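# Structure at a glance
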Amino acid sequence: MESKAINKVGIIADTHNHWDPKIADIFKGVDHIIHAGDIGLPWIILELEYIAPVTAVLGNNDTGLTFKEIETVEIGSRKFLVQHIVDPQKPDEKLKKRIIRQNPDVVVFGHSHKRFCENIGNTLFLNPGYAGKQRFKLTRSVAILHCDAEGITAEFHDLD
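Here's a quick rundown of the structure. Only a predicted model underlies this, so the values are computations on that prediction, with no experimental measurement involved.

### Quick notes on the nonpolar core
Ile-12, Ile-23, Phe-27, Ile-33, Leu-48 and Val-142 are the most contacted members of the largest nonpolar core, which totals 19 residues. Setting aside its immediate chain neighbours within four residues, Val-142 contacts Ile-11, Ile-12, Ile-23, Ile-26, Phe-27, Pro-128, Ala-131, Glu-155, Phe-156, His-157 and Leu-159. One finds Ala-13, Ala-36, Val-73 and Leu-124 within the second-largest nonpolar core, a separate group that totals 17 residues.

What follows is the structure, given as structure tokens:
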């Protein structure tokens, strides 16, 4: 049996203990969900797990949770490195070395609450925006990555 030609990956960050019911509809049919930190309480991850398997990392506001600060996960033929705080233009030395060593297709991050989607070298850096309660007059959003043999395409979905 052949594997699926397209993998859909839901990307979310900075929920800060807020569940927007739109997320379940947006992520319906994804193969996997990545939460890039500042989760809040673990029930947020349980809600996401009703939709698809979840990989999550700790954010700078997550205390008492048992997730790691950095995760690498393979979904289909793509490798994702997930870390909450990333400066794509100037990654710190530890992250640079990890990217060289692991050669991820995508680096997923959060923290800034601002969308970011840019290829730097051979790696796509993606911040889905934030899915928590409205703050800073920024647009709340999540993303879906469509991964196939041709490449990776990001699709942002507003929550407002």
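Right, picking up where we left off after that structure.
### Topic: unusual backbone geometry
For Asn-103, which is not glycine, the phi dihedral falls at a positive 50°. Along the chain, Asn-103 falls in the loop between α3 (93–102) and β6 (106–108). One non-glycine residue with positive phi stands out, namely His-113, at about 65°. Its place among the elements puts His-113 in the loop between β6 and β7 (115–120). The exposure class assigned to His-113 is buried, which follows from its relative accessible area of 6%.

About the cut-offs
Counting of residues starts from 1 at the beginning of each chain's written sequence and follows it residue by residue. Where local features are concerned, this predicted model is filtered to residues with pLDDT of at least 70; where side-chain atom pairs are given and counted, the filter is 80 or more; whole-chain, interface and lining totals use all residues. Neither water nor hydrogens contribute to the side-chain values; these are computed over all heavy atoms in the structure. Residues grouped as a nonpolar core are buried Ala, Val, Leu, Ile, Met, Phe, Trp, Tyr and Cys residues, joined through side-chain atoms within 4.5 Å. Exposure classes here rest on a 1.4 Å probe applied to the protein chains alone. A residue is buried below 20% of its type maximum, exposed above 50%, and partly exposed in between. The criterion used for residue contact is that any of the two residues' heavy atoms lie within 4.5 Å. Helical segments are the DSSP runs of H or I of at least four residues, strand segments are the runs of E of at least two, and each set is numbered from the N terminus.

None of the figures reported here should be taken as evidence of function without further support.
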